[in-house]
Amino acid sequence: MGTNGGTRQARHLVQESQRMTTRLLGEVDLHTRQLGLVNGILSAVLDGASFPDVLKIFYSNLKALCPIDRMSVSKYDAKRRLFLIPLAIKSGRLVETKEEPRPYDETPLSEVVASRVPVLRRDIRRKKSYTQDTQFLRKGFESEMLFPLISGGEVFGTFQVGCFDADRLKDRHLRLVSEILPAITLVFQELIRKDRDLFV
């Protein structure tokens, strides 16, 4: 009886140790991929990459970690209360959005400017709160994550990713991108400054 109990307990400890090892290896792999993504962007910037080039690199690397189909960066014009979004990556292709500047109150980007925290919108169909939501749904996107870009205590822009499918973006994806963004926020700020002709 005692031997069986000891064997059972040892087996349980081994299984628990294997589970913990698997989880830790998964975390190490994820952090390695996050560092690789940031390093790729920083290397591209050092090599003189433009804003569109950096956006493409970021998209292709982040796509390996999150189920995303769209990515864009906005410049926030606080004086005029407008968001300027000249380019986006959609299904891997760089496109000019040809969008008018978005008024503050017509887009969920206003939420991340006001709160200064990321927002996960799992299913836009369930809660259409903004004028932009109808346009976003018409283009086939049903979920999105929105992040403030902050420097010197001020929100200078936003980072957005969208997914064709509702409920595919999860809290873990929000955390993952939130961990990456601080390392490249200043890169976005500098690229927006350098490519200011795009953001007019």
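Check the entry above for the structure.
**Quick word on helix α2 (residues 51–63)**
- The end-to-end C-alpha distance of α2 is 18 Å, a good match for the 18 Å that 13 residues give at a rise of 1.5 Å each.
- When α2 is considered as a whole, its buried residues turn out to be Phe51, Pro52, Val54, Leu55, Phe58, Tyr59 and Leu62. End-on view of α2: buried residues confined to an arc of 160°, all on one side of the axis.

**So, the pattern of salt bridges**
- Throughout the structure, instances matching the rule amount to 13 salt bridges.
- A salt bridge links Arg80 to Asp77, with the shortest nitrogen-to-oxygen separation between them at 2.7 Å.
- Residue class for Asp77 comes out buried when judged on its relative accessible area of 18%.
- A single salt-bridge network, built from bridges that share partners, covers Asp123, Arg125, Arg126, Glu142 and Asp167.

**Considering the packing of aromatic side chains**
- All chains considered together, the criterion is met by nine aromatic pairs.
- Ring centres of Tyr76 and Tyr104 lie 5.9 Å apart, and the angle between their planes is 45°; on these two criteria the pair is classed as tilted. With a gap of 28 residues between them, Tyr76 in strand β1 (residues 70–77) and Tyr104 in the loop between β5 (102–103) and α3 (109–115) connect regions that are remote in the sequence. Here the two residues Tyr76 and Tyr104 agree in accessibility, since each one is buried.
- Residues Phe147 and Phe159 carry aromatic rings whose centres are separated by 5.9 Å and whose planes lie at 40° to one another, so their mutual orientation is tilted. Here the residue Phe147 occupies a position in strand β7 (residues 143–151), and Phe159 occupies one in strand β8 (residues 154–163), the gap between them amounting to twelve residues.
- On the accessibility criterion, Phe147 (1% relative accessible area) is buried.
- Given the relative accessible area of 0%, Phe159 is considered buried.

Conventions used here
- Residues numbered from 1 in each chain as written.
- Predicted model: local features only at pLDDT ≥ 70, side-chain atom pairs only at ≥ 80, totals over all residues.
- Heavy atoms only, no water.
- Helix = DSSP H or I, 4+ residues; strand = E, 2+ residues; numbered from the N terminus.
- Expected span 1.5 Å × (residues − 1).
- Buried < 20%, exposed > 50% of the residue type's maximum accessible area, 1.4 Å probe, protein only.
- Arc of directions from axis to C-beta.
- Salt bridge = Lys/Arg side-chain N within 4 Å of Asp/Glu carboxyl O.
- Phe/Tyr/Trp six-rings, centres within 6.5 Å; stacked < 30°, edge-to-face > 60°.

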